[in-house]
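# Fold and contact review
In case you want the letters, here they are:
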Amino acid sequence: MNKWLRILKHRWLDASDTRRAVPDEMAERLAQRVAASEARHTGEVRLCVEAALPLSYLWRLQPDRPIKALVRERAVSWFGRLGVWDTEHNNGVLIYLLLAEHAIEFVADRALAQRVDQAQWQAIVDRLGARLHSGEFEDGLTQALEEVSALLVAHFPAPADTWRPNQLSNNVVRA
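From a predicted model like this one, the values you see are computed outputs, not experimental measurements.

Cut-off values and rules
Residues numbered from 1 in each chain as written. Predicted model: local features only at pLDDT ≥ 70, side-chain atom pairs only at ≥ 80, totals over all residues. Heavy atoms only, no water. Helix = DSSP H or I, 4+ residues; strand = E, 2+ residues; numbered from the N terminus. Contact = heavy atoms within 4.5 Å. Areas by Shrake-Rupley, 256 points an atom, 1.4 Å probe, with all protein chains shown as cover. Lys, Arg positive; Asp, Glu negative; His and termini not counted. Charge placed at Lys NZ, Arg CZ, Asp CG, Glu CD. Salt bridge = Lys/Arg side-chain N within 4 Å of Asp/Glu carboxyl O. Buried < 20%, exposed > 50% of the residue type's maximum accessible area, 1.4 Å probe, protein only. Expected span 1.5 Å × (residues − 1). Axes fitted to C-alpha atoms, helices over the stretch in contact; angles between N-to-C directions. Parallel < 35°, antiparallel > 145°, perpendicular 65-115°, else oblique. Left-handed = near helix turned anticlockwise from the far one by under 90°. Nonpolar A, V, L, I, M, F, W, Y, C, P; charged D, E, K, R; others polar.

### Let's talk about the overall build of the protein
- If you tally the helices and strands in the protein, you get eight helices and four strands.
- Along the protein, from the amino end to the carboxyl end, the secondary structure elements read α-α-α-β-α-α-β-β-α-α-α-β.
- Viewed in the frame of its principal axes, the protein has a C-alpha envelope of about 55 × 35 × 25 Å.
- Here the analysis covers contacts within the protein between residues at least 6 apart in sequence; of these, 73% occur between residues at least 24 apart.
- Summing over all exposed atoms, the protein offers an accessible surface of approximately 9000 Å²; the carbon and sulfur share of this is 54%.
- When the 22 basic and 23 acidic side-chain charges of the protein are each reduced to a single mean position, those positions are 5 Å apart.

Spelled out as structure tokens, the structure:
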């Protein structure tokens, strides 16, 4: 895609598009699912849905630098900005969607990334992508959250009868 067309596409979308994709009621249900998930393991999960890349990212588009690299950079930026990297056990996960590019990125903190190989993450991304493509936004995110939760439970189960503080907000970021 031509750089200028891509910039126009990204400038066309805004937070109202994100709120249409994830209305308030859906965001609340997803936040509740994140809370239920985190009761089963010691990890932290964040969901972030962004309409478009900021112009500062789009200016960096080059023929030798695919958009996927910029999307990954943006997801990593959100990972840091939301403090997902700063959890007690280094086992946070960010599920990032970029609407303008129909892109999905999972960013896992180092302790979890050491235990889960890239093929497992890619399989979850592929299933989520298929659900999103067929218009099943909430069901797709719910399934992805359940799969991420299963990985966290397998590698970082919650200790029985121990209260743990919620380290990060469970709310869906809609930008």
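That shown, we press on.
### Concerning the pattern of salt bridges
- Applying the stated rule across the entire model yields 13 salt bridges.
- For the salt bridge of Arg6 with Glu101, the shortest nitrogen-to-oxygen distance reads 2.8 Å. One end of the pair, Arg6, is in helix α1 (residues 3–12); the other, Glu101, is in the loop between β2 (92–98) and β3 (103–108), with 95 residues separating them in the sequence.
- With relative accessibility at 13%, the residue Arg6 sits in the buried group.
- The closest approach of N and O atoms between Arg127 and Glu147, which form a salt bridge, is 2.5 Å. Of this pair, Arg127 sits in helix α7 (residues 118–133) while Glu147 sits in helix α8 (residues 137–155), placing them 20 residues apart in sequence.
- When its relative accessible area of 36% is taken as the criterion, Arg127 is described as partly exposed.

### Quick word on helix α5 (residues 67–81)
- Its 15 residues place the ends of α5 21 Å apart at the C-alpha level, agreeing with the 21 Å of an ideal helix rising 1.5 Å per residue.
- Within α5, burial applies to Ile67, Leu70, Val71, Arg74, Ala75, Trp78 and Phe79.
- Among the structural elements, α1, β1 (44–50), α4 (55–58), β2, β3 and β4 (173–174) are those in contact with the buried residues of α5.
- Just past α5, the residue Gly83 takes up positive phi, approximately 75°.

### Re the packing of α7 against α8
- Remark: α7 packs on α8, axes separated minimally by 8 Å, with the N-to-C direction vectors making an angle of 165°. As far as their axial angle goes, α8 and α7 are roughly antiparallel. The hand of the α7/α8 crossing is right-handed. On the side of α7, the interface is formed by Gln120, Trp121, Ile124, Arg127, Leu128, Arg131 and Leu132, while α8 contributes Phe137, Asp139, Gly140, Leu141, Gln143, Ala144, Glu147, Val148 and Leu151.
- For the contact of α7 with α8, the residue count by class is nine nonpolar, three polar and four charged.

### Observations regarding the packing of helix α3 (residues 24–38) against α8
- The contact between α3 and α8 brings their axes to 10 Å, and the two run at 10°. One finds that α3 runs roughly parallel with respect to α8. Side by side, α3 and α8 meet where Met26, Arg29, Leu30, Arg33, Val34 and Ser37 of the first sit next to Phe137, Glu138, Leu141, Thr142, Leu145 and Ser149 of the second.
- For the contact of α3 with α8, a count of residues per class yields six nonpolar, three polar and three charged.

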